[in-house]
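A closer look at the structure
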Amino acid sequence: MNPLISIIIPSYNRENLIGETLDSVLEQTYTNWECIVIDDRSNDGTNALLKEYSNRDNRFIIISKPTELKQGASISKNLGLQMARGKYIQFLDSDDILAENKLEKQIVSLKNENEKVISVCVTSNFNKKRDVIVLDSFRKDYRNFNNSEEYFDLIGEIGGYYAPESFLISKELINFSGHWNENLTLNDDGEFFFRIIHNSNKIVFNNDTFVRHRQNTGDNLSMLDSLPKATSLLNSWKIIEILYNTKYNTLNSKYLDKKKWAVYNELKRTYPILIEENKLFFYNQKKRDNFLFKLDKLKKRVNLRLKNIFKY
């Protein structure tokens, strides 16, 4: 028997793009799906377009977010999870595209696995649907992992992360790991999928299908353009660090070190006050940053002295 897959799409003012996303759902070779679109009170033509798709195929379920709920993608996704009847969950942004065999290939790979096994696939970045599809199948993380720590160890070396839409996850694993953190306004996807991977016992990689992740849509919510977003980014990594250290009991994680350096450098550039207010969290980064700063000053002083001596 083919299990039901619930596709959850948060939407807001996507009149010009969501049609391509929904078309990719309609084109799936795996047909036992429901697609729950949670519209976040759009004020363009999105609602009319969504109604067209629900009239065309009753597997599309359109939910208008109640006014008593705040706007935000995480709240929409949690609402979608409450409605979802599927055994497996596919999260999908309202401007991204699934390859037509995406659900079919991944459900086959999970057929003989338990609920704590997750499936991922190749990601191809694009700007417009007509762009040539480029598949980089040679990334070091494009392979199976026997446990989550093995995956995090590799990411600590090479960086990066799987794209959110590349996952196919059992609803049981999501319920075990916890739903989306509605208190986070930035890196809520990073924190959520960390918990999913963290609680998985195996990652199955599919090299024979892909997703298309749209870039440069003009409303990039990942931009660190406000103190609340910067605080959210910081808080997300505080949560991740606690969960990571609790499970793996390590004090020298390459994964945490690499990710915290990225956060530290971004906050140092934009909101250094948060570094000062969280000295303990950034203790290693500040210590090494001070050393590197002093080393750089020493190099400049030595070069200047050599220049004066040898007149070059």
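Structure's up top.
An account of the accompanying structure is given in this report. (Residues numbered from 1 in each chain as written. Predicted model: local features only at pLDDT ≥ 70, side-chain atom pairs only at ≥ 80, totals over all residues. Heavy atoms only, no water.)

Focus: the overall build of the protein chain
Inclusion rule: Helical segments are the DSSP runs of H or I of at least four residues, strand segments are the runs of E of at least two, and each set is numbered from the N terminus. Only heavy atoms enter the contact rule, under which two residues are in contact if any of them lie within 4.5 Å. Computed with the Shrake-Rupley method and a 1.4 Å probe, the accessible areas treat only the protein chains shown as cover for residues. Here Asp and Glu are counted as negative and Lys and Arg as positive; His is not counted, and neither are the chain ends. To locate a charge, take NZ of a lysine, CZ of an arginine, CG of an aspartate or CD of a glutamate.
On a plain count of helices and strands, the protein chain comes out with 11 helices and 8 strands. Of the contacts formed within the protein chain by residues at least 6 apart in sequence, a portion of 77% connects residues at least 24 apart. On the protein chain, roughly 16,500 Å² of surface is accessible, and the fraction owed to carbon and sulfur atoms is 51%. A distance of 9 Å separates the average location of the 46 positive side-chain charges in the protein chain from that of its 41 negative side-chain charges.

Topic: the packing of helix α1 (residues 18-26) against helix α2 (residues 46-56)
Selection criterion: Between the N-to-C directions of two axes lies an angle of 0 to 180 degrees, each axis being a line fitted to C-alpha atoms and, for a helix, fitted only over the stretch in contact. Throughout this description, any angle smaller than 35 degrees is read as roughly parallel, any larger than 145 degrees as roughly antiparallel, any in the 65 to 115 degree range as roughly perpendicular, and the remainder as oblique. With the far helix as reference, a near helix turned anticlockwise by less than a right angle produces a left-handed crossing, and one turned clockwise produces a right-handed crossing. Throughout, the ten residues Ala, Val, Leu, Ile, Met, Phe, Trp, Tyr, Cys and Pro are labelled nonpolar, Asp, Glu, Lys and Arg are labelled charged, and all others, Gly among them, are labelled polar.
Where α1 contacts α2, the axes come no closer than 10 Å and their chain directions differ by 15 degrees. On the basis of the axis angle, α1 is roughly parallel to α2. Relative to α2, the crossing made by α1 is right-handed. In this structure, α1 uses Ile18, Gly19, Leu22, Asp23 and Leu26 to contact α2, whose residues at the interface are Leu49, Leu50, Tyr53 and Arg56. Class assignment of the residues belonging to the contact of α1 with α2 gives a composition of 6 nonpolar, 1 polar and 2 charged.

Overview of the sheet that holds strand β8 (residues 202-214)
Stated precisely, the cut-off is as follows: A strand pair is defined by DSSP finding two or more bridges across the two strands.
Across the sheet, 3 strands lie side by side as β5-β8-β6; this open sheet has mixed pairing. At either end of the open sheet lies a strand with only one pairing partner, and these are β5 (97-98) and β6 (117-126). Sheet analysis places β6 next to β8, joined by 10 bridges and oriented parallel. When the sheet's bridge partners are listed, Val120 is paired in β8 with Phe205. Against the sheet, helix α4 (residues 102-109) makes contact with β5, β6 and β8, and its axis sits at roughly 170 degrees relative to β8, the strand it touches most.

Describing the pairing of β8
Regular strands place their side chains on alternate faces of the sheet. Bridge count for β5 against β8 is 2 bridges, and the pairing is antiparallel. In the strand pairing of β8, Leu98 is matched with Val211.

Some points on the packing of aromatic side chains
Which entries qualify depends on this criterion: Ring pairs are drawn from Phe, Tyr and Trp, using the six-membered ring of Trp, whenever the two centres fall within 6.5 Å, and their geometry is named by plane angle: stacked under 30 degrees, edge-to-face over 60, tilted for the rest. Only protein chains enter the calculation, and the probe is 1.4 Å; a residue is then buried if its accessible area is under 20% of its type maximum, exposed if over 50%, and partly exposed in between.
Under the defined criterion, the tally for this structure stands at 26 aromatic pairs. Ring plane angle 85 degrees and centroid distance 5.3 Å describe the contact between Phe145 and Tyr151, whose orientation is recorded as edge-to-face. For Tyr151, a relative accessible area of 0% translates into the label buried. Ring centres 4.1 Å apart and planes at 10 degrees place the aromatic pair Trp180 and Phe192 in the stacked group. Pair noted here: Trp180 is in the loop between α6 (171-177) and α7 (188-199) and Phe192 is in helix α7, with a separation of 12 residues, a long-range link.

Remarks on the layout of surface pockets
Keep this limit in mind: For each structure, a 1 Å grid was placed over the protein atoms alone; sets of points admitting a 1.4 Å probe that cannot get out are labelled cavities, open sets with protein on both sides within 12 Å along at least five of seven lines are labelled pockets, and lining residues have an atom within 4 Å of a point. Grid points are joined across faces, edges and corners, and a volume is the space filled by probe spheres set on the points.
The volume enclosed by the second largest pocket comes to roughly 300 Å³. Forming the boundary of the second largest pocket are 15 residues, of which Glu241, Leu251, Asn252, Ser253 and Asn284 lie nearest the centre. Elements with a minimum of two residues in the lining of the second largest pocket: α8 (227-248), α9 (254-270) and α11 (283-310). Of the residues forming the lining of the second largest pocket, the biggest block, 4 residues, is contributed by α11. Split into classes, the residues belonging to the lining of the second largest pocket amount to 5 nonpolar, 6 polar and 4 charged.

So, the nonpolar core
Here is the rule: Think of a nonpolar core as a cluster: buried Ala, Val, Leu, Ile, Met, Phe, Trp, Tyr and Cys residues, connected wherever their side-chain atoms sit within 4.5 Å.
Among the nonpolar cores identified, the biggest contains 52 residues, and Phe91, Tyr255 and Leu267 are the most heavily contacted of them. One finds Ile5, Val37, Val117 and Leu168 within the second-largest nonpolar core, a separate group that totals 25 residues.

Structural notes on unusual backbone geometry
One non-glycine residue with positive phi stands out, namely Asn13, at about 50 degrees. Positive phi, normally seen in glycine, also occurs at Arg41, with a value near 60 degrees.

So, α7
Operational definition: Here a helix's expected span is defined as the number of its residues, less one, multiplied by 1.5 Å.
Over its 12 residues, α7 extends 17 Å from the first C-alpha to the last, a length consistent with the 16 Å expected when each residue adds 1.5 Å. Judged by how many residues are buried, α7 sits mostly within the fold: 11 of 12 residues are covered. Listed as buried for α7 are Asp188, Gly190, Glu191, Phe192, Phe193, Phe194, Arg195, Ile196, Ile197, His198 and Asn199.

Observations regarding the pairing of strand β4 (residues 88-91)
Alternating positions in β4 separate into two faces, Tyr88 and Gln90 on one and Ile89 and Phe91 on the other, with burial throughout. Pairing between β4 and strand β7 (residues 169-170): 2 bridges, direction antiparallel. If you follow Tyr88 over to β7, its bridge partner there is Ser170.

With respect to the sheet that holds strand β3 (residues 60-64)
Strand order in this open sheet of 5 strands is β3-β2-β1-β4-β7, and the pairing throughout is mixed. Of all the strands in the sheet, just β3 and β7 have a single pairing partner and so form its edges. Bridge count between strand β2 (residues 33-39) and β3: 5 bridges; the pairing is parallel. Counted as the bridge partner of Cys35 is Phe60 from β3. Across the face of the sheet, α1 comes into contact with β1 (5-11), β2 and β3 while running at roughly 165 degrees to β2.

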